[in-house]
Amino acid sequence: MEALFQKSNSKRHRLISNKFLQSLNDRNFDLLDFDKLKENLQSAIELEHSTIPPYLCALYSIKEGTNEFAVKTIRSIVVEEMLHMVMAANILNAIGGSPAINTPDFIPEYPTKLPMIDETFMVDLGKFSKESIDIFLQIEKSADHKPHGGDDYHSIGEFYTAIRESLILIDKNTPGGIFTGKPELQVTSEQYYGSGGKLIPVYCLEDALEAIEEIMGQGEGIDNSIYDGDQEMFGEDKEYAHYFKFNEIYHERKYSPTDKSDDEPSGHPINIEWNEVYNMQKNPKMSDYPVGSELYQKTYEFNKTYMALLNNLHDACNGQPDMLLKGVALMYDLKYKALELMKTPYEDDGLMAGPSFEYVN
Amino acid sequence: MSKKTPKESFLTISVYLTGYSQVDLLGTGMLDTYYNTFVENLEIENVTTYFKEVDQILDNSGNSEEKINEGITKVLFGSALVSLTTNLITMWYTGNWGQDVISPESYTQGLIWNAAQAHPPGAKQPGYGSWADEPIEIPTI
Amino acid sequence: MNDHEYDVVIVGSGIAGSVLTKTLTQAGKKVLLLEAGLQAGIAFDAEKNFQNYQYYLNTFYKAGAKVPNSPYPNIEDAQSINVLDIEKITPENKPTTNGYLVQEGPLPFASDCLRGPGGTTLHWLGSTPRMLPNDFRMKTEYGVGVDWPITYDELKPYYEMAENEIGISGDVEDQKVPEKVVGDKTIYYNVDRTYGKDYVFPMKKIPQSYLDKVCMNRSKGLKVELNKVVYDIVYSSTPQGRNSIPDPRYKLTGITWDQRAKKLVLHRKDDYEYQPVGSNWDPYTGQRCEGNASCVPICPVQAKYNALKTLRKSDPEYLAIITQAVASRIFYDKGSNDITGIEYKKYKYADSTVFETKVAKGKIYVLAASAIENAKILLASGIANSSDQVGRNLMDHFVMLTWGLLPEKGFPYRGPGSTTNISTFRDGTFRKEHSAWISPIDNWGWAWPTFAPGTDLSNALSEGMFGKKLRAHLNDVITRQLLLHFECEQIPDPNNRVTIDPKYKDQLGNYRPVIQYQSTEYMNKAMEAAKKVSDQIFKAYGVEDFTDYTMKNADAVKYNGKVYNFWGAGHIVGTHRMGSSKEHSVVNPDQRTWDHDNLYLVGCGNMPTIGTSNPTLTMTALSFKAAESILKQLEKNEDHGSTFSKKQFETT
Ligand SMILES: Cc1cc2nc3c(=O)[nH]c(=O)nc-3n(C[C@H](O)[C@H](O)[C@H](O)COP(=O)(O)OP(=O)(O)OC[C@H]3O[C@@H](n4cnc5c(N)ncnc54)[C@H](O)[C@@H]3O)c2cc1C
Ligand code: SF4
């Protein structure tokens, strides 16, 4: 039994991976270091993934049939985070790396620091609330929105900027280029649907840059506009970048077309019902429950499903792209299992159980 | 055995009647609704009788599943209580009280779909192409 | 827009009406669309649209009997035909008058449709096989029914438009279905010829179900015998109007009116990527079929096509829509026979008895109110009927169901209603004797004939089962359920008809359709044959047969001492058929009534025969043909000055 769940100590939080830590400590990592580039792309995958469990918890905790706007918004953001994750894997595959998505330290232990060294806030697994949206805003915040300090990356955007530069430099300096990965490893748009953006398969430097553009555009917006890059690249309807989408929820108001990126949204009010949520216990753990108890068992099943999904993503990004479509079924199953937990009392204090997103094998 | 509230008795006996664990039943989020529906649809004397019988079965069984099942067959499926019992089971399995669907949510939480390794038509969509494979089975410990 | 400005007045926003509205407004013609259903159902604004649809969905969840019309409002002012109203017709109980239809029998007509914005495609299943070339010449090939005035090849370009508009997922290769058996050899249709070389559908086929695969695996190389002829059991994936993965080879972008060439053109672009059309409230919802397994009655994500997706593409500048407007009568000029207006009753709110009577006017008029309603309006107006064919030849597929338990789990109740069909008996010389049929494998267990799985539960409970044993029993039984359809083509029969009777009117004073309907030897023989085939297939699958036909069933026939039951397919066809002569048909190949130069009819009522295909794809193809004819007619008039006498605006 012991081996089935990881030892947890919620006072200590572990960062995404030690490798990642190092790369971030070293702000000016050698842009010409090819191995480092691969490590950083692996970190990018982990980074994109790390936001998914918190977003999913917030999303699932919203009661069915309520908070339409928030549900639609967060759902689209989560789907896009997954898209980013797969695209980061595509880039890594394109340069001959191999993405690792199902290793024990792939999942952060919540609460976790966002893998940004100068960030001071903690990310929880918790219900949809003003507090959690506030944290999400900080996650998605772009570099320009806060003071710079120290040598570290200030945002996901800065991190990708470094990756981009490194890709360009190393590709230029390598005879024959670095885009020598097997093309059949690429996950293509055929295997992806359901949100704005587009899954870009990567076969050359231009593709890689386009993919990075897409990732950065959706997260933080392009050039400080509140729109993401989609309509420029794909002629889609106007879509806000994630930060601004969360900001609309936070302020319970839509942006009006004249709002600048520094403004608070000033358009139509949105109906947000902060109370129409399952009152999920923050950062639940399997170890909260007696081993073998029904809740332990349910949480374990949830985590097994989550592992199945990670395994599936791993396979999809390592030679079986068609697996991504099968992952959709796992995604839904995960949701229904999470909901069962959220409807089950945690203790007699009005709190509910919830998904714990822990590594099990 | 400590004194149970009727709702607790309702939940406990539901476990034996449906074949689903307590957390499975709680996970539907329907306990309150179903308990209320059950109570509201019966004369108060019948409610009292029913839970008296239920408590007797639970208390006299020494936690033996076999004994409880015997009690259920004999008493809850006895001619006086059988229609209440089948209504109760039907409620968990289909979300109906008699012919009536209790609420949109009760329909989507019907356990019969889980028993069938399917999902309620029109809800809990399993995703593109899922039907081309066997239903997902996550091995338990 | 003032009344007199309309180029075209269209009645009904189902797929037929929507295809016309879209095509005509996009070509810059001013259209007035009259729709009997509630205003809320047509909302184009994303939020209102979503809310209205969620209301439908919750109504469906809450419905005790989840029949096709269960999610949608049934308005007293424009009632929908509803399968719940079907009763057994007996000498003592005749006619039956429940609901909208008055049924004189001897058998009740068993299909319904939806009166509301978007029409019946809101609850259609979405199976869209094309008709087979021989279906267009039944009289010539087999001596039964009638030939169509157009051939398969003539309809082919319009099929391509329909497949583009609906957004079909499918595999053309799989449409290589048997044409006939010669000696011991099966001759197949050649898809290079029927579809054209390199033709593909917009999207790849919807994955066939696990259940389909179980059936196919258990019957590899299966042959069945029928009347001494041996047939190969052939499986085809079913083309369908629900979203799947775009086929990168599909390069057809869309349909526009080419004013110079005077025809509709389906454009091709080499660097085109097909985009699945998502829901009406959010383009990212419904880009793939999510397997809700509730396509009939409602697809929660609108991955399945519905007519409102087409209507939304109309050019709003040229479109006026009046909802809650029930067309009741059509006026015409006795001299020229030109139609001069359509009378409609606009009711105030759902079920209200308060209404205003108005007249809609345009240059051209189109009825797209579905086969029974179209015929009824024509009869009520006393028009278009010099052939005496209006209301006659009412057809449907007789759906004979057979059901049993597989020896292994097939895991039904998942995925779209049907993903595979047995195409063996879709064509063949046996059609001289009895009807052909298509046999979809049903993915939804015994739900249709037995109301499973609810009845599985009540049966088990009545045996005293409970707890873990009950749960295991249900798992064992429900997961092994198999249901096959045998959808038998009905042959046009003048006695199967819609009439009207002043005794029967609805609350707005509009006629209710009165139906006479019967089965013939040709049909009964088909059911007998189909059951023999079913028995052989079940045997090969190792299925234990639980099929149970009884005379108590509303649609029951006894043939050669055996009882057969059939159900309605929802395919309401034939009530104002197209033909090559004014004497025997109501509309010409342009879909224009022979009797009135400015009156067109669209919908399955135009189809002379039904074949073994679900009719909507073929009907949609014909609707594009109608749109083209109307545009030609309008532009001819514009070129040469109006051929309509000004009279039409003067007489009312
Ligand atoms: C359960 C079911 C499943 C089906 N599955 C399939 C399938 O898989 N494949 C297939 O090909 N076909 C299928 N069909 C058939 C298909 O739905 C119809 O052929 C098709 O929808 C008909 O379209 P329509 O536009 O002609 O008529 P409808 O969609 O019925 O539209 C008629 C429109 O006219 C309006 N109207 C009616 N009367 C009046 C009036 N007096 N005044 C003003 N407006 C009026 C209505 O409100 C409605 O909007 C199915 C049908 C059913 C019932
Ligand atoms: S299976 Fe579900 S998602 Fe697919 S078309 Fe049917 S109802 Fe819609």
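Anything mentioned here points back to the structure above.
The residue numbers shown here count from 1 along each chain, following its written sequence. Here chains are named by letter from A upward and ligands by number from 1 upward, in the order in which they appear as written. Reporting of local features is limited, given that this is a predicted model, to residues whose pLDDT is at least 70; pairs of side-chain atoms are given and counted only at 80 or more, and all residues count toward the totals for whole chains, interfaces and linings. By convention in this description, side-chain values take in all heavy atoms of the structure and omit both hydrogens and water.

Moving on to the overall build of chain A. A run of DSSP states H or I qualifies as a helix once it reaches four residues; a run of E qualifies as a strand once it reaches two. Both are numbered from the N-terminal end. Regarding its fold elements, chain A presents eleven helices and two strands. Mapped in sequence order, the helices and strands of chain A form the string α-α-α-α-β-β-α-α-α-α-α-α-α. Residue contacts follow a heavy-atom distance rule, with two residues in contact if any of their heavy atoms lie within 4.5 Å. Here the analysis covers contacts within chain A between residues at least 6 apart in sequence; of these, 71% occur between residues at least 24 apart. About 14100 Å² of surface is accessible on chain A, with carbon and sulfur atoms providing 49% of the total. Each accessible area value is a Shrake-Rupley result obtained with a 1.4 Å probe; residue values ignore everything except the protein chains displayed when judging cover.

Right, let's get into the interface of chain A and chain C. On the side of chain C, twelve residues touch chain A, which itself brings 16 residues to the contact. Here the buried area means the combined drop in accessible surface, using a 1.4 Å probe, for two parts upon being joined, counting both sides. Summed over both sides, the interface between chain A and chain C buries roughly 1100 Å², with carbon and sulfur atoms accounting for 45% of that surface. By the criterion of area lost to chain C, the three top residues of chain A are E68(A), E190(A) and Y193(A), representing 46% of everything that side buries. Definition used for salt bridges: Asp or Glu carboxyl oxygen within 4 Å of a side-chain nitrogen of Lys or Arg. One can count one salt bridge joining chain A with chain C. For E190(A), the salt bridge is made with K204(C), and the minimal N-O distance between the two is 3.0 Å. In the analysis that follows, any N or O atom pair within 3.5 Å is treated as a polar contact, provided that within protein one partner can donate a hydrogen and the other can accept it, and provided that, for residues neighboring in sequence, both atoms belong to side chains. In this structure, the connection of chain A to chain C is made through three residue pairs in polar contact (both at pLDDT 80 or more). Taken together, the elements giving at least two residues each to the side of chain A that touches chain C come down to α4 (68–94) and α11 (323–342) of chain A. Class assignment for the residues of the side of chain A that touches chain C results in five nonpolar, four polar and seven charged. Each residue is assigned to one of three groups, with Ala, Val, Leu, Ile, Met, Phe, Trp, Tyr, Cys and Pro labelled nonpolar, Asp, Glu, Lys and Arg labelled charged, and all others, Gly among them, labelled polar.

This part covers the interface of chain C and chain B. A common way to report how large an interface is uses the accessible area buried once the components associate. Taken together, the contacts link 50 residues of chain C with 46 residues of chain B. Applying the counting rule to chain C against chain B returns one salt bridge. For the salt bridge of E65(B) with K468(C), the shortest nitrogen-to-oxygen distance reads 3.1 Å. Taken together, chain C and chain B are joined by 20 residue pairs in polar contact (both at pLDDT 80 or more). Elements that contribute at least two residues to the side of chain C that touches chain B include exactly α2 (46–62), α6 (210–217), α10 (454–462) and α11 (467–478) of chain C. Ranked by the residues each element gives to the side of chain C that touches chain B, the list is headed by α11(C), at seven residues.

Looking now at the site of ligand 1. Residue and element names in this part refer to chain C. Near ligand 1 you find 39 residues, and of these E35, G116, T120, S127 and T616 are the closest. One nitrogen or oxygen atom from the side chain of E35 is found 2.6 Å from an oxygen atom belonging to ligand 1. Take A36: an N or O atom from its main chain is 3.2 Å from a nitrogen atom of ligand 1. Its free accessible area being 1000 Å², ligand 1 has 96% of it covered by the protein chains. Here the element with the most residues in the shell around ligand 1 is strand β12 (residues 325–332); it accounts for three residues. By residue class, the composition of the shell around ligand 1 is 19 nonpolar, 16 polar and four charged. In these notes, residues near a molecule or strand are those with any non-hydrogen atom within 4 Å of it.

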